[in-house]
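What follows is each chain in one-letter form.
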Amino acid sequence: MRVNKKNLLRTACFLLALGTLGTGLRCMKGCETDTSKKGVIKARIVNIATTDLAQVMVFAEDEGKNSMVFVKNFYREGQAREKISADMHDYFKKIDPYRGRTVTIRYHRDGVGDNIIDGIK
């Protein structure tokens, strides 16, 4: 009897671990490829900031005064830090004149839930 209980416990743990692994892999696949949430919004740019993560963040408000944050990522693997920093600051200077103005922002939502900027007009 003891051998059967050991095998049953090991089998149950193995199946549970296998199921958890399968669920995790499905989530990872969905998170990496799910950029189906796209949008266009008219919003007033309230503020612009850069981060240590090589991002430019755009803080905006829509007509209903709802606050939103949009992100433009500049980090690329293998690219020199100086080039990333220069690209990020050039983009910042490009959109800084829009501060306080209403613009059209095209964006998509990434797997993490960030609103990634595709374009600002």
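Residues numbered from 1 in each chain as written. Predicted model: local features only at pLDDT ≥ 70, side-chain atom pairs only at ≥ 80, totals over all residues. Heavy atoms only, no water.

A. Representation of the sheet that holds strand β3 (residues 67–73) in the model. The sheet built from five strands closes into a barrel, its strands ordered β1-β2-β3-β5-β4 with mixed pairing. Strand-to-strand, the axes of this sheet are offset by a mean angle of 60°, without reference to chain direction. Taken together, the seven bridges between strand β2 (residues 55–61) and β3 define a ladder with antiparallel strand orientation. Bridge pairing in β3 links Phe 59 to Val 69. Strand contacts of helix α2 (residues 81–95): β1 (38–50), β2, β3 and β5 (115–120), with the helix running at about 105° to β1, the strand carrying the most contacts. (Pairing = 2+ DSSP bridges. Helix = DSSP H or I, 4+ residues; strand = E, 2+ residues; numbered from the N terminus. Axes fitted to C-alpha atoms, helices over the stretch in contact; angles between N-to-C directions. Contact = heavy atoms within 4.5 Å.)

B. Quick look at the packing of aromatic side chains. Taken as a whole, this structure holds two aromatic pairs when the rule is applied. Plain terms: the ring middles of Phe 70 and Tyr 107 are 5.2 Å apart, the flat faces sit at 65° to each other, and that makes the pair edge-to-face. Residue Phe 70 is located in strand β3, and its partner Tyr 107 is located in strand β4 (residues 102–109); the two are separated by 37 residues in the primary sequence. Residue Phe 70 shares its accessibility class with Tyr 107, and that shared class is buried. Ring plane angle 55° and centroid distance 5.6 Å describe the contact between Phe 74 and Tyr 91, whose orientation is recorded as tilted. Residue Phe 74 is located in the loop between β3 and α2, and its partner Tyr 91 is located in helix α2; the two are separated by 17 residues in the primary sequence. Residue Tyr 91 is classed as buried on the basis of its relative accessible area of 11%. (Phe/Tyr/Trp six-rings, centres within 6.5 Å; stacked < 30°, edge-to-face > 60°. Buried < 20%, exposed > 50% of the residue type's maximum accessible area, 1.4 Å probe, protein only.)

C. Representation of α2. With 15 residues, α2 should cover 21 Å at 1.5 Å per step; its first-to-last C-alpha distance of 22 Å lies within 8% of that length. Among the residues making up α2, those that are buried are Ile 84, Met 88, Tyr 91 and Ile 95. Considered in projection along α2, the buried side chains sweep an arc of 65° and stay on one side of the axis. Looking at α2, the residues exposed on the side facing more than 90 degrees away from the buried face are Glu 82, Lys 93 and Lys 94. Buried positions along α2 lie against β1, β2, β3 and β5. (Expected span 1.5 Å × (residues − 1). Arc of directions from axis to C-beta.)

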